[in-house]
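Here's the letter readout for the chains.
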2 protein chains.
Amino acid sequence: MRFGAHLNARNQTVFRVWAPRARSVALRLDGQSHEMDSAEHGVYSLTVPRNLDGADYFYLLDGERERPDPASRFQPHGVHGPSRVVDPDAFEWGDGDWPGRPLEEYVAYELHIGTFTREGTFEAAIARLPYLRALGVTAVGIMPVAEFPGARNWGYDGVSLYAPHSAYGGPESLKRLVEACHQAGLAAILDVVYNHLGPEGNYLNEFGPYFTDRYRTPWGPALNFDGEHSDPVRRFFLDNALYWLTEYRFDALRLDAVHGIFDFSARHLLAEMADEVNAETTRQGRPLYLIAESDLNDARVVDGRARGGHAVHAQWMDDFHHSMNTALLGRGDGYLEDFGSLGDLAKAITSGFVYDGCYSKHRKRRFGNSSAHLPGERFMVCTQNHDQVANACRGQRLGVLAGFEREKLAAVLLVTAPYLPMLFQGQEYGETAPFHYFVSHTDAHLVEAVREGRRREFAAFVTGEQFADPQAESTFKASKLDWAKLDQEPHAALLRLYQRLFELRRQRESLSNCRKELTRVEFDEAQRWLVMERGSEAGDRSLVVANFSSEPCRVPYDDGGRYWELALWTGETLYGGMGEPRPEEAPFELGAWEAALYVARG
Amino acid sequence: MRFGAHLNARNQTVFRVWAPRARSVALRLDGQSHEMDSAEHGVYSLTVPRNLDGADYFYLLDGERERPDPASRFQPHGVHGPSRVVDPDAFEWGDGDWPGRPLEEYVAYELHIGTFTREGTFEAAIARLPYLRALGVTAVGIMPVAEFPGARNWGYDGVSLYAPHSAYGGPESLKRLVEACHQAGLAAILDVVYNHLGPEGNYLNEFGPYFTDRYRTPWGPALNFDGEHSDPVRRFFLDNALYWLTEYRFDALRLDAVHGIFDFSARHLLAEMADEVNAETTRQGRPLYLIAESDLNDARVVDGRARGGHAVHAQWMDDFHHSMNTALLGRGDGYLEDFGSLGDLAKAITSGFVYDGCYSKHRKRRFGNSSAHLPGERFMVCTQNHDQVANACRGQRLGVLAGFEREKLAAVLLVTAPYLPMLFQGQEYGETAPFHYFVSHTDAHLVEAVREGRRREFAAFVTGEQFADPQAESTFKASKLDWAKLDQEPHAALLRLYQRLFELRRQRESLSNCRKELTRVEFDEAQRWLVMERGSEAGDRSLVVANFSSEPCRVPYDDGGRYWELALWTGETLYGGMGEPRPEEAPFELGAWEAALYVARG
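Residues numbered from 1 in each chain as written. Chains lettered and ligands numbered in written order. Predicted model: local features only at pLDDT ≥ 70, side-chain atom pairs only at ≥ 80, totals over all residues.

Peer 1: Teacher, can you tell me more about the overall build of chain A here?
Peer 2: Helices and strands together make up the secondary structure of chain A, namely 16 helices and 30 strands. Relative to the compact-globule value of 25 Å for 602 residues, chain A shows a C-alpha radius of gyration of 25 Å, a close match. Principal-axis analysis of the C-alpha atoms gives chain A an extent of 85 × 55 × 50 Å. For chain A, with 602 residues in total, the buried portion stands at 56%. (Helix = DSSP H or I, 4+ residues; strand = E, 2+ residues; numbered from the N terminus. Rg over C-alpha atoms; globule rule 2.2 N^0.38 Å. Buried ≥ 20, exposed ≤ 12 C-beta atoms within 10 Å, placed from the backbone.)

Structure representation (structure tokens):
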């Protein structure tokens, strides 16, 4: 970390800030101003010969404006308030010899600190980790925590990118959470936003040319990653990635919307970031990863350097979500209009991108390139996530929309497909609470703009009374998980199903690997069944049979009962089903929306 | 070509236009309106059951506005006038079995039709082709010819991208010029602009979403290559590339400023274009090429598909020009401030990009990636071109700025470096006329804007009287070549030097190949000499010794006179030198700014 406040070997506090746009910068400390020294390239620095751990400070720009440190480690009083000095070495880590987890083992669980628990804090989340571990999760994905305006926000409006949110508990609590993850054997993934900054409390432009008007993002000005003075801007974000992986010991970063990172330079920011993370992996001796959210359907995001790719370690693959959800619910609105056949789902399972260069009606252009050559561990897939629930489905979860049987069917394919599966908080027990978009801006104009934007976006689907006002605290509260459901049926049944699925995934080599090339899918678009076989003649083999229909189906597949043994069936009473007739033998007969998993005999 | 007017097999004239923004489109012909049929995706078409070759027409949009055809093959009355039907098969080609030229043989000559000859037409240029052939040129590069406003323009303000300019002679004359090139054994390169359209007469936006506001170019709105409805826009430009290579039989296209082609889609327009050009090569059985102008210093432009590149066949390499010119003239202004050492020139010769990831003071950021792995034929280099003369040097040519001796020194290294050399018209005989920027817009506001922009750009260097008004016809006329100089010394001497250099390049295998890996450069920054050795122990070898100083120099290189034989020396009387002392033997002693070329004995 080149900038911010840090303590040097002589226990002095060194302040460094890049502020080429300022005529002067002073450190405001204890009501006093201390002029900072300016060096080359707009860097200002000052060494205070004391350990200022815990002290609050501002930078005073041009003798006029008090601003928080762009690289503040803590904003105890919010985005507009002073920054606080944090000694990175003060925390005593108790995760000792945490070896990390290889990416292939990732079974991820996306959670939002504010709504995951009643308390909405890092500390409160810790209590749930044993539960996640018992469920079979191996990696906890935390939605963005960088200081955002107010106490309620998804996190994508963060502006103080090095500061864990004060309302969540701040730096020390977050470290305790990561430590607890490791102690529970869980990798910790942090969601970070490198494509824009939030609209309130963003003072970066007063310091330097962090933004550019050469490109536009839907969320605000694009970051200046390839224009004049872009080196320090890139460094700010590269350092940020390394900061979370070192000072907070995260195992992976989920990079929000990399399609909003506009970099036409000869070395893409993501490629540079992947290189630096790999070097950090070597240095720390535990595996560290970047996982991109990408709306590009461009294999180059995760392709290796030899193929000209950015070599990001994995990316989310929306086409799996879209083809699965439309297979369950029928063709949808918006981008869901591009999906709707079992053929799409089959392609998502065996190739990856469904849109690999073909024409997208929704996008009104050809879209994507092929990901068929890529191993499955380059892709993280889901059937629900914060965006899909809140945006595509207007806050409603898959189970609410599709019902219990279809939810179980989705679970089976999610966990057994040759990718890294991810759950969204509460999905494992069929939470019925909505997940809405919520903010808590303090700028009244901004609040109204967000509210109106949201209202307009959903005008066609949501009537006035149903509209969840993003600024209302009730919207936030309604989105919290209700853990009491865990003890109720059919919630507990779904939880048992997920638990057993993850167990089978770990136990069976044909399920725990991500080898797409050893995955074959057959389906019948009219009869609405789909069969996925995984594994090779030589090794372990598994078979998933799924009925995407409200009628019973008979899958014309007959091995004379010699080969396949039933390992899991969504119709079991244990999983809230009727328990009969059991589809023990081929040809497999399944009830409405049922799925069964078979393994090769002995 | 999917759009425009064409004749079908039944000798009917078919009009097709993509106009999704129009509520209706009618064909205006002979004072009559004929409503066109609309099909899917905003395509309108009409078949007139007659051969309309030579007829003029407009499209009438929304019953209100008469507009030329975006894919007009001819605009006999300028950018605002009607389009003319041209039968592509009417021209009888007389270049019979022209086999094309492999890229490695390209010795290019950039010319501007309006100033290359007194007449300023395609026809007049034909008369000069035997001269170019005798000089040793193998490829004629023609600055853009697409219809632009008025009669005088560099061509980068073209708006009717399929129509050879009316003032230059129109379609048939251009075909005669290409035919004559081929008959003279010359490849023909056309400069095309796929990053913006000119500011006057650009009606494309009335037809469809050709432009986007997501990106900005310095020259106007960026083209919509990756947004909604971008497929037909891409097709328009892909077709344009194929059009010039088929209907006009060009051998290569020089793609103007590809850094202004913003395409974040999963398949870059340039990659798609290269694929289609390669398919056309196969179809026609002669080699066709794309040569990009790129200000990215990004090897991926020309890298092959396996490395994730766009596989464009070659690109201009400005770093060669900049390092050469500053080696001759000292550090310059603007981007020339980034260059100035012999080390830069040495790196340009052996590696390619001088800025391969290092910090550029001018750009205020790190710039470029390495091109060291690329073969030399991926790069076209020059010591002068239209842009460098007119912009970097405010109209003045290298010989005028640097003098005769330095001009000869530049010539030797330009022709013997392991790249594809290119001359700018008149360079071969040391033309002293300036080359200015000129336009002939008809919109008075635009004229004033261009004039003021230009004046501002050069305010620091050019006083009022020296300022060459871009709109003035005198500026254009002053930029014309003066062929009378050919018979005068020292012009004729320089011409003889170039002729001999090209001859040696053809004759010596070590010079005609572009093998950078067999090229070694040594230099002394203080003594200001540079030695370039080319070839391998096993094959042919050459040695260039150059003195970048106004003092005589002695190159500490001694083979005892056994190995090297003098093949060319800029100090010969034949080349306008004093003729002595001849640097026959090693250690080589050269006069001020002299260069000598040696070949391995026997």
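Peer 1: Explanation requested: the domain arrangement of chain A in the structure shown.
Peer 2: Note on interface size: it is often stated as the accessible area lost on association of the parts. The assigned domain composition of chain A is domain 1 (4–84) and domain 2 (519–600). One C-alpha centre belongs to domain 1 of chain A, the other to domain 2 of chain A; they are set 63 Å apart. (Domains from an automatic or database assignment.)

Peer 1: Explain helix 12 (residues 404–416) of chain A to me, please; I cannot follow it from the model alone.
Peer 2: In an α-helix there are 3.6 residues to a turn, and that puts residues three or four apart on one side. Here helix 12 of chain A contains 13 residues, and its C-alpha end-to-end distance of 19 Å stays within 8% of the 18 Å for a straight helix at 1.5 Å per residue. Of all 13 residues that make up helix 12 of chain A, 12 are buried, and the element is covered over most of its length. (Expected span 1.5 Å × (residues − 1).)

Peer 1: Explain the pairing of strand 17 (residues 252–256) of chain B here, please?
Peer 2: Side-chain positions along a regular strand alternate between the two faces of the sheet. All names here are of chain B. Along strand 17, 5 of the 5 residues are buried, which leaves the element largely enclosed by surrounding structure. Of the two faces of strand 17, the one carrying A252, R254 and D256 and the one carrying L253 and L255 are both buried. Examined bridge by bridge, strand 14 (residues 187–193) and strand 17 share 5 bridges and lie parallel to one another. Pairing of L190 across the sheet is with L253, part of strand 17. As paired strands, strand 17 and strand 18 (residues 289–292) are joined by 4 bridges and run parallel to one another. Bridged to R254 within strand 18 is I291. (Pairing = 2+ DSSP bridges.)

Peer 1: Explanation requested: the environment of E503(B) in the structure shown.
Peer 2: Residues and elements named next belong to chain B. In this structure, E503 sits in helix 15 (residues 491–507). A residue is classified by how many C-beta atoms lie within 10 Å of it, and E503, with 13 of them, is partly exposed. E503 sits 460 residues away from V43 along the chain, and the two C-alpha atoms are 53 Å apart.

Peer 1: Would you mind going over the nonpolar core with me for this structure?
Peer 2: For soluble globular proteins, nonpolar side chains are generally found buried alongside one another. I189(A) and I189(B) are the most contacted members of the largest nonpolar core, which has 370 residues in total. If we skip the residues at most four places from it in the chain, I189(A) touches A108(A), A139(A), V140(A), G141(A), I142(A), F250(A), D251(A), A252(A), L253(A), R254(A) and I291(A). (Core = buried A, V, L, I, M, F, W, Y, C linked by C-beta atoms within 7 Å. Contact = placed C-beta atoms within 7 Å.)

Peer 1: Which parts of the structure should I look at to understand the sheet that holds strand 14 (residues 187–192) of chain A?
Peer 2: All names here are of chain A. Spatially, 10-11-14-17-18-19-22-23 is the arrangement adopted by the 8 strands of the closed barrel, whose pairing is parallel. Along the sheet, successive strands turn relative to each other by an average axial angle of 25°, direction set aside. Pairing of strand 10 (residues 108–111) with strand 23 (residues 420–424), which is carried by 3 bridges, proceeds in the parallel orientation. Bridge pairing links Y109 to L423 in strand 23. (Axes fitted to C-alpha atoms, helices over the stretch in contact; angles between N-to-C directions.)

Peer 1: Honestly, the interface of chain A and chain B in this entry has me stumped. Any pointers?
Peer 2: Between chain A and chain B, the residue contacts involve 24 residues of the former and 24 residues of the latter. Every element with two or more residues in the side of chain A that touches chain B is listed here: strand 15 (211–217), helix 6 (230–246) and strand 21 (365–367) of chain A. With 3 residues, the top contributor of residues to the side of chain A that touches chain B is strand 15 of chain A. Among the residues forming the side of chain A that touches chain B, the class breakdown is 3 nonpolar, 8 polar and 13 charged. (Nonpolar A, V, L, I, M, F, W, Y, C, P; charged D, E, K, R; others polar.)

Peer 1: When you look at the environment of M532(B) in this model, what are you seeing that I'm missing?
Peer 2: Residues and elements named next belong to chain B. With respect to the helices and strands, M532 occurs in strand 25 (residues 529–535). In sequence terms M532 and T416 are 116 residues apart; their C-alpha atoms lie 9.0 Å from each other. For M532, the contacting residues outside a window of four places in its chain are I349, T416, T519, V521 and V544.

Peer 1: Could you clarify how one ought to interpret the relation of the copies chain A and chain B in this entry?
Peer 2: Relating one copy of the chain to the other requires a rotation about an axis plus a shift along that axis. The transformation that overlays chain A on chain B combines an axial shift of 0.0 Å with a rotation of 180°, and the residual RMSD is 0.0 Å. Read as a symmetry element, the transformation amounts to a two-fold axis. Mapped onto chain B, 100% of the interface residues of chain A again fall at the interface, so both copies present the same surface. (Least-squares fit on C-alpha atoms with pLDDT ≥ 70 in both.)

Peer 1: I tried to follow the pairing of strand 14 of chain B on my own but got confused; where do I start?
Peer 2: All names here are of chain B. With 7 of 7 residues buried, strand 14 lies mostly within the body of the structure. Here strand 14 shows no split at all, with A187, I189, D191 and V193 on one side and A188, L190 and V192 on the other all buried. In the sheet, strand 11 (residues 139–142) pairs with strand 14 via 4 bridges, with the strands oriented parallel. Residue pairing across strands places V140 opposite A188, the latter belonging to strand 14.

Peer 1: Which parts of the structure should I look at to understand the confidence of the model for chain A?
Peer 2: Any residue range with low pLDDT should be treated as having predicted coordinates unsuitable for detailed reading. Mean pLDDT for chain A: 95, with 98% of residues reaching 70 or above. For this predicted complex, the interface score ipTM comes out at 0.91, while the overall pTM is 0.94. (pLDDT = per-residue confidence, 0-100.)

Peer 1: Sorry, what's going on with the sheet that holds strand 2 (residues 13–18) of chain A here?
Peer 2: The pairing of strands in a sheet happens through backbone hydrogen bonds and is either parallel or antiparallel. All names here are of chain A. In space, the 4 strands of this open sheet follow the order 1-2-6-5, with antiparallel pairing throughout. With partners counted over all chains shown, the strands left at the sheet margins are strand 1 (4–7) and strand 5 (37–38), one partner each. Note that strand 1 and strand 2 share 4 bridges and pair antiparallel. Considered in strand 2, the bridge of L7 is made with T13.

Peer 1: For this particular structure, what's the right way to read the packing of helix 8 (residues 318–329) of chain B against helix 9 (residues 342–350) of chain B?
Peer 2: Pairs of packed helices are described in terms of their axes, by the angle between the two and the distance that separates them. All names here are of chain B. The N-to-C vectors of helix 8 and helix 9 enclose an angle of 150°; their axes lie 8 Å apart at closest approach. Relative to helix 9, the element helix 8 lies roughly antiparallel. When you trace helix 8 past helix 9, the crossing you get is left-handed. In contact with D319, F320, S323, M324 and A327 of helix 8, helix 9 contributes L342, D344, L345 and A348. (Parallel < 35°, antiparallel > 145°, perpendicular 65-115°, else oblique. Left-handed = near helix turned anticlockwise from the far one by under 90°.)

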